[in-house]
Every structure is written in structure tokens, then in C-alpha cells.
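# Chain and residue survey
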Amino acid sequence: MMTRRERIIELLLERDYSVSELARILEIKGKGARKAIIEELKAISRIAKRERMTLLVRPAQCRKCGFLFKPEINVPSRCPRCKSEWIEEPRFKLERR
């Protein structure tokens, strides 16, 4: 049986996913689902460096004004430019070097 982290690594090697998609696939529900996935992604980014992989991050973007956030392992809640909460989540993917 694979651990949650191993399962996430396997999924991210196939294609890109958002935090919500990963939580849904892994059947993590509740208030802390996003936080749990973000913590796993932070650990995976450290593992990726050791295993000669790269964690690619497509940054979050405001759907209202188009503002692009920094490419980081985080899910912003509000746009700093227009204050909209209509944010497209960042997407993550692993690639082997």
C-alpha cells in the first residue's frame, strides 16, 4: 500500500493537478484538506530535489483581472489588485531531469 505522499508523487508525474483536485482524488475531505495537501507538496518539493526531479508550479491567477501570483506552493484567497476572491488555483507537476 502506498502512502499519501507516494500517491501524490505518482499522480504529479502523470500530469498537472491543483490542490483541490488532489484532495478530491485522494478523498481528503473537511476543513483541513487544502492545508494537508499543501504540506505534502512542500515535502515533495524537498524530496524532488534529492530524487533528481523538478516540481513545476503554474501560478495562481485572478479570474477577474488576470493578476498572476508568484509561482509558490500556496493557494491565495484574494487578489491584491482587485480584491476578487475568484482565484484559479496554482497547478503542480513533477518532471524527471
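Refer to the preceding data block for the structure.
Residues numbered from 1 in each chain as written. Predicted model: local features only at pLDDT ≥ 70, side-chain atom pairs only at ≥ 80, totals over all residues. Heavy atoms only, no water.

This next bit is on the sheet that holds strand S5 (residues 91-96). Pairing is antiparallel in the open sheet, where 3 strands are placed in the order S1-S5-S2. Only two strands of the sheet have a single partner each, and these edge strands are strand S1 (17-18) and strand S2 (53-58). Two elements, S1 and S5, share 2 bridges in a ladder whose sense is antiparallel. What sits directly across from Ser-18, in S5, is Arg-91. Across the sheet, helix H1 (residues 4-14) is in contact with S1, S2 and S5; its angle to S5 comes to roughly 85 degrees. Along the sheet, helix H3 (residues 33-50) contacts S2 and S5; its crossing angle with S2, the most-contacted strand, is approximately 140 degrees. (Pairing = 2+ DSSP bridges. Helix = DSSP H or I, 4+ residues; strand = E, 2+ residues; numbered from the N terminus. Contact = heavy atoms within 4.5 Å. Axes fitted to C-alpha atoms, helices over the stretch in contact; angles between N-to-C directions.)

On to the packing of aromatic side chains, then. According to the stated counting rule, one finds 1 aromatic pair in the structure shown. Taken together, a centroid distance of 5.1 Å and an interplanar angle of 90 degrees make the contact between Phe-67 and Phe-69 edge-to-face. The class for Phe-69 is buried, based on a relative accessible area of 15%. The aromatic ring of Tyr-17 is capped on one face by Arg-15, whose charged end is 4.1 Å from the ring centroid. (Phe/Tyr/Trp six-rings, centres within 6.5 Å; stacked < 30°, edge-to-face > 60°. Buried < 20%, exposed > 50% of the residue type's maximum accessible area, 1.4 Å probe, protein only. Lys NZ or Arg CZ within 6 Å of the ring centre and 35° of its normal.)

Note that every value here comes from positions in space, so none of it alone points to a role or purpose.
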